[in-house]
Amino acid sequence: MKNLLSEELERYRILSNYNTKFTLTENLILNEQPGVTFKAAEEALTRVGLNLSKFTSKTDDIVSRLLAMDEPTFLKELTKEMGKDIKAGQKAMVLANELSKIQVIREITRQNPTTVAQVNKIIQEVKNINRIKYANLRAGKGVGAGSAAAKANKTKAAKVATQNPGLVAKIKAGMTWATLLKVGAGLAAVGVLWWLFKTYSPDPPPPYPPDPVDPPDPVDPPKPSRYTTCPDTFPIAMYCKNETVRKVQGCLSIKTDGAFGPNTQTALVAKGLPGNEITQNTVDVACGSKVEVEVDPNIDLVDGEDATKL
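About the criteria used
- Residue numbers run consecutively from 1 along every chain, following the written order of its sequence.
- Local features are withheld for residues below a pLDDT of 70 in this predicted model, meaning they are given only at 70 or higher, and side-chain atom pairs are given and counted only at 80 or more; totals for whole chains, interfaces and linings count all residues.
- Heavy atoms throughout the structure, all of them, feed into the side-chain values; hydrogens and water do not.
- Counting from the N terminus, the helices are the DSSP runs of H or I reaching at least four residues and the strands are the DSSP runs of E reaching at least two.
- Throughout, exposure labels follow a simple rule: accessible area from a 1.4 Å probe, protein chains only, divided by the maximum for the residue type, with under 20% read as buried, over 50% as exposed, and the rest as partly exposed.
- Any pair of residues with heavy atoms lying within 4.5 Å of one another is described as a contacting pair.
- A 1.4 Å probe and the Shrake-Rupley method give the accessible areas. Residues count as covered only by the protein chains that appear here.
- For Phe, Tyr and Trp, where Trp contributes only its six-membered ring, two rings pair if their centres lie within 6.5 Å, and the inter-plane angle classes them as stacked under 30 degrees, edge-to-face over 60, or tilted in between.
- Only when the NZ atom of a Lys or the CZ atom of an Arg is both within 6 Å of the ring centre and within 35 degrees of the ring normal do we say a charge sits over the ring.
- Every patch collects residues that have over 30% relative accessible area and no salt bridge, joining them within 9 Å if they carry like charges and within 5 Å if they are nonpolar side chains (Val, Leu, Ile, Met, Phe, Trp, Tyr).
- Any carboxyl oxygen of Asp or Glu within 4 Å of a side-chain nitrogen of Lys or Arg constitutes a salt bridge here.
- In this tally, Lys and Arg are treated as positive and Asp and Glu as negative; His is ignored, and so are the chain termini.
- Every charge is mapped to an atom, namely NZ of Lys, CZ of Arg, CG of Asp or CD of Glu.
- Cysteine sulfur atoms that come within 2.5 Å of each other are treated as a disulfide pair.
- Per-residue confidence from the predictor is given as pLDDT, running between 0 and 100.
- Given the number of residues in a helix, its expected span is that number minus one, multiplied by 1.5 Å.
- Summarising the geometry, the arc corresponds to the directions from the helix axis toward the C-beta atoms.

Draft legend 1. View of the overall build of the protein. What the protein contains, in helices and strands, is 13 helices and four strands. A total of 310 residues make up the protein; the buried ones form 32% of that total. Taking as baseline every contact in the protein between residues at least 6 positions apart, the subset at least 24 positions apart corresponds to 60%. On the protein, roughly 19,800 Å² of surface is accessible, and the fraction owed to carbon and sulfur atoms is 58%.

Draft legend 2. Representation of the packing of aromatic side chains within the structure. In this structure the tally under the stated criterion is one aromatic pair. Considering the side-chain rings of Tyr 227 and Tyr 239, the 5.4 Å spacing of their centres and the 65° angle between planes classify their relative orientation as edge-to-face. With Tyr 227 in the loop between helix 10 (177-200) and strand 1 (228-229) and Tyr 239 in the loop between strand 2 (236-237) and strand 3 (240-241), this pair connects stretches of sequence that are twelve residues apart. Positioned over the ring face of Phe 74 is Arg 106, at 4.3 Å from the centre of the ring.

Draft legend 3. Inspection of unusual backbone geometry at higher detail. Note the cis peptide between Phe 234 and Pro 235, where omega equals -5°. Here Pro 235 is to be found in the loop between strand 1 and strand 2. With a phi close to 70°, Tyr 239 is a non-glycine residue in the positive phi region. One non-glycine residue, Ser 253, adopts positive backbone phi at about 60°. In this structure Ser 253 comes out as exposed when scored by relative accessible area, which is 67%.

Draft legend 4. Spatial organisation of a nonpolar patch on the surface. Among the surface-exposed residues, Leu 193, Trp 194, Trp 195 and Leu 196 lie close enough to one another that they form a single nonpolar patch of about 470 Å² accessible area. Along the polypeptide, Trp 194 turns up in helix 10.

Draft legend 5. Representation of a negative patch on the surface in the model. Residues Glu 42, Glu 43, Asp 60 and Asp 61 make up a contiguous surface patch of negative charge. Those elements that place two or more of their residues in the negative patch are helix 3 (38-47) and helix 4 (60-68). Along the chain, Glu 42 turns up in helix 3.

Draft legend 6. Geometry of the state of the cysteines. Counted under the stated rule, the structure contains two disulfides. Across the disulfide from Cys 251 sits Cys 287; the S-S distance is 2.0 Å. When the S-S torsion is 115°, as for the bridge of Cys 251 with Cys 287, the disulfide is right-handed. Of this pair, Cys 251 sits in helix 11 (residues 243-251) while Cys 287 sits in helix 13 (residues 280-287), and the two are 36 residues apart along the sequence. In this pair, the class of Cys 251 matches that of Cys 287, namely buried. Each disulfide of the protein joins two cysteines, and with those cysteines numbered along the sequence the arrangement is 1-2, 3-4.

Draft legend 7. Focus on the confidence of the model for the protein. The predicted model of the protein averages 75 in pLDDT, with 65% of residues at 70 or higher. Across residues 290-310 the pLDDT falls below 50, and counting only partners more than four positions away or on other chains, this stretch makes 39 contacts in the model.

Draft legend 8. Summary view of the pattern of salt bridges. Under the counting rule described, the total for this entry stands at seven salt bridges. Across the pair Glu 71 and Arg 110 runs a salt bridge, and its minimum N-O distance is 2.8 Å. In this pair, Glu 71 sits in helix 5 (residues 71-87) while Arg 110 sits in helix 6 (residues 95-111), placing the two residues 39 residues apart along the sequence. A relative accessible area of 3% means that Glu 71 is categorised as buried. Relative accessible area serves as the criterion here: at 24%, Arg 110 is assigned to the partly exposed category. For the salt bridge of Arg 110 with Glu 107, the shortest nitrogen-to-oxygen distance reads 2.9 Å. Taken together, the positions of Arg 110 and Glu 107, both in helix 6 and three residues apart, correspond to about one turn of that helix.

Draft legend 9. Inspection of helix 5 at higher detail. For helix 5, which comprises 17 residues, the first-to-last C-alpha distance of 24 Å matches the rise-based estimate of 24 Å (1.5 Å per residue) to within 8%. Taken residue by residue, helix 5 has Glu 71, Phe 74, Leu 75, Leu 78, Glu 81, Met 82 and Asp 85 as its buried positions. The buried residues of helix 5 occupy an angular sector of 120° when projected down its axis, which confines them to one face. Pointing more than 90 degrees away from the buried face of helix 5 are the exposed residues Lys 76 and Lys 87. At the C-terminal side of helix 5, Gly 89 shows a positive phi close to 80°.

Draft legend 10. Geometry of the environment of Phe 74. Among the secondary structure elements, Phe 74 is positioned in helix 5. Between the C-alpha atoms of Phe 74 and Gln 103, which are 29 residues apart in sequence, the distance is 8.4 Å. Leave out the neighbours within four places in its chain, and Phe 74 touches Leu 66, Met 69, Leu 99, Ile 102, Gln 103 and Arg 106.

Right, dumping it as structure tokens:
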């Protein structure tokens, strides 16, 4: 009972931080999200197999400064770059696209994704938000523009955030702790009553015996994979998986899945090499000396490119 009440109060506290009277930008001002460090960004991207230097053409010191900005300051810089693009007659972001990539890095660092799918979702969300923002600016609507009441709310939000930093600002912009506790306690009580009713209410008897259910069709067990993880020592036989195979595939400009299969064999034969194994000679001929596979720095990640599959 005590744990359930605490959980309900915490859930409602989180939901109540978003004030529906304000726009998304104004809520970001109230939330006062801090920036992130260059080191934290590097570590977050490395965990998902990405490289921070491949995201943007800006120098490390500029990237570090943009990452360290709090959310309102960074959004102001992004809007300024959008204004330059609009003044230059650009239909889509050009200068602002670099800051949009920095915004992707900031969000990856904050959300700490662990899969490529999660990274792509962050990229797409940032892309969609900035596309709408840029379209509104080009149409002369501005960001957060609207009625006099909306502008007054924005001024109020900034004032509250300045005078009452952190959680105090969120509470004053939304509701008091007294109100929050009352509402949270009410929700907790309803939740407990619902749980008791569901747990101890007898199931109604069926009106008639249920129809017999046919047994499911037998399912063939999955076939084991032909590929096996092998050490990076020569020679490397067919159907081995390791980093040396991945490197050779990159040199051959084929899919770099690290699995030595028919496609890799065909590419080796086309290169004039034996296709049944990979040796030191195979690496030397296919790649030359000390060739490494790298992500193209000119890829527009904000347009949904997946750097880990190149």
